[in-house]
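The primary structure of each chain is shown beneath.
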Amino acid sequence: MTRQPKQQSLVPPIGLALAGGAPGGAIYEIGAMHALNEALDGFDLTRCGSYVGVSAGAFLTSCLANGLRTEQQVRAIVKHEPGEHPFVPEIFVRPAFKEIGKRLLRAPGLLAGALKEYGTRREKRLLDALTSLGQSLPTGIFDSDPVRDYVERIFAIKGRTDDFNQLDNKLTVVATDLESGEAMRFGHLGWGQVPISVAVQASTALPGLYPPVEINGRHYVDGILLKTMHASVTLEAGAELVFCINPLVPVDTRKAVQQNLLRRAPVMRRGLPTVLSQTIRTMIHSRMSLGLKAYGQYYPEADVVLLEPPREAYEDFFSNIFSFASRRAVCENAFQQTRLSLLAQRKALEPMLARHGLRLDLDFLHDEKRDVWQSVGLPEFSANGHADPAPDVQDLTEDIEALLERVEKLAAETASTR
């Protein structure tokens, strides 16, 4: 495939590392990337010399390495443009019928074997014998093949490539080898022959949600199991300045509850998925903090800039990413939060960026009216636009829950006065 020549030369000393975060994290990172792109005067994130991505971040970095600008990625969230494939979260939640069916077909044989073993070895408890039935459970409930197909289609158009070796910059997609528990850096050390789309599929295969992905006889799962961002990959590649974006931070709702902005114990009220999400976020964020401190010891000459949402940003944590309005809100929030974060770090960032020939666009950072949708030529999707569809089921459910809670409170107050 003939690549289209780039208008601007690459800058090898600058790297970009993106963490995971499923569809919601990807949308947050898109908004944050665009804000960073706007804030760096005269520089475009498609010009980085090295990229490393994990899970959802693997998909986004592979898009940047292929020349897809941040504004194109923002537009894909809300608009289907000719020749492009829109970002549709539904592709991530298609049931893994093949995996589920294959495992269920094994259940009768496993049950018969367990009962036979129990019958011949009475000293063994029935419950122990039945543990073999665990082999009939699917290794994932969603199919990751649509993810691979989606990425493959994107890179099959407009001079893009699904081949690591055809890129003009260094792209690394990290997954975890299931049998060894070690990191696999696709794009490195002879693994560049694996298609980018397949590497992204492996990197996004979160255990329990997606089955492991088989590549050359081995099985791979989500790269976030080992590290949150793997920013050290870009540092090892010679990057002197690395921008890191991490959408996964534990939410802190205490202030919002105290101000009556949220109902009491909102994490507990939303059940197991939200509790697990908060737990995972807490663990990987603590691990990432320790990793960033180590970079200063092992790469003292390099600069690392971390951008992530504030822990009080509970709106994104509780958002329904399958809602059109919620996707818009998450992207806009990420855009604004990143702008404010860069502005808050201005004193430290300006001399750091100057060492690498970069500078901040202060007009952008101070412009409180700057809107992510207006910046990409879609003013109709801004807060004052009229592109909102009808409220979705999740929005209506939350309104009903709030109404019922008010009714319960009123009934309790009435009863207490009798």
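Source: prediction; values computed, not measured.

Caption draft 1: Geometry of the confidence of the model for the protein. Predicted confidence across the protein gives a mean pLDDT of 82, with 82% of residues reaching 70 or more. Confidence, expressed as mean pLDDT per element, reaches its minimum in the protein at helix α17 (residues 393-417) with 49 and its maximum at helix α7 (residues 196-203) with 97. Across residues 386-401, confidence stays below pLDDT 50; counting only partners more than four residues off in sequence or on other chains, it has 18 contacts.

Caption draft 2: The environment of Thr-282, seen in detail. Here Thr-282 lies in helix α11 (residues 272-298). When the C-alpha atoms of Thr-282 and Pro-250 are compared, they prove to be 5.1 Å apart, with 32 residues separating the residues in sequence. A distance of 2.8 Å separates a polar atom in the side chain of Thr-282 from the backbone oxygen of Gln-278.

Caption draft 3: Fine view of the pairing of strand β3 (residues 170-177). In terms of burial, β3 is a largely internal element, seven of the eight residues being buried. Pairing geometry for strand β2 (residues 48-54) and β3, over five bridges, is parallel. Bridge pairing in β3 links Val-52 to Thr-172. Here β3 pairs with strand β4 (residues 183-186) via four bridges, running antiparallel. Looking at β4, one finds that Val-173 is bridged to Phe-186. Between the antiparallel neighbours β3 and β4 lie five residues, among them Gly-181 with a positive phi of about 75°. Two strands pair when backbone bridges link them, and β3 and strand β6 (residues 218-222) are joined in this way by three bridges, in the antiparallel orientation. Bridge pairing links Asp-177 to Tyr-220 in β6.

Caption draft 4: View of a nonpolar patch on the surface. Residues Leu-272, Leu-276, Ile-280 and Met-283 make up a contiguous nonpolar surface patch of roughly 400 Å² in combined accessible area. Position of Met-283 relative to the elements: it lies in helix α11.

Caption draft 5: Structural view of α11. When the terminal C-alpha atoms of α11 are compared, their 39 Å separation across 27 residues agrees well with the 39 Å that a helix rising 1.5 Å per residue should span. Of all the residues in α11, the buried ones are Thr-274, Gln-278, Arg-281, Ile-284, His-285, Met-288 and Tyr-295. Close packing links the buried residues of α11 with α8 (232-236), α10 (266-269), β8 (303-307) and α12 (314-317).

Caption draft 6: Summary view of the pattern of salt bridges. Evaluation of the coordinates by the stated rule reveals 12 salt bridges. Put simply, Asp-145 and Arg-148 hold a salt bridge, and the shortest N to O gap is 3.3 Å. Linking Asp-145 with Arg-148, this pair stays in helix α6 (residues 145-154), spanning three residues, or about one helical turn. Using a relative accessible area of 24% as the deciding quantity, one classes Arg-148 as partly exposed.

Caption draft 7: Seen up close, the packing of helix α1 (residues 22-39) against helix α2 (residues 56-65). α2 packs onto α1 with a crossing angle of 40° between their chain directions and a minimal axis gap of 8 Å. With respect to each other, α1 and α2 are oriented oblique. Of the two elements, α1 crosses α2, and the hand of that crossing is right-handed. On α2, the residues touching Ala-22, Ala-26, Glu-29, Ile-30 and Met-33 of α1 are Ala-56, Gly-57, Leu-60 and Leu-64. Residues that form the contact of α1 with α2 fall into these classes: seven nonpolar, one polar and one charged.

Each value, and the rule that gives it
Residues numbered from 1 in each chain as written. Predicted model: local features only at pLDDT ≥ 70, side-chain atom pairs only at ≥ 80, totals over all residues. Heavy atoms only, no water. pLDDT = per-residue confidence, 0-100. Helix = DSSP H or I, 4+ residues; strand = E, 2+ residues; numbered from the N terminus. Contact = heavy atoms within 4.5 Å. Polar contact = N/O pair within 3.5 Å; in protein donor to acceptor, adjacent residues only side chain to side chain. Buried < 20%, exposed > 50% of the residue type's maximum accessible area, 1.4 Å probe, protein only. Pairing = 2+ DSSP bridges. Patch = residues over 30% accessible without salt bridge, like charges linked within 9 Å, V, L, I, M, F, W, Y side chains within 5 Å. Areas by Shrake-Rupley, 256 points an atom, 1.4 Å probe, with all protein chains shown as cover. Salt bridge = Lys/Arg side-chain N within 4 Å of Asp/Glu carboxyl O. Expected span 1.5 Å × (residues − 1). Axes fitted to C-alpha atoms, helices over the stretch in contact; angles between N-to-C directions. Parallel < 35°, antiparallel > 145°, perpendicular 65-115°, else oblique. Left-handed = near helix turned anticlockwise from the far one by under 90°. Nonpolar A, V, L, I, M, F, W, Y, C, P; charged D, E, K, R; others polar.

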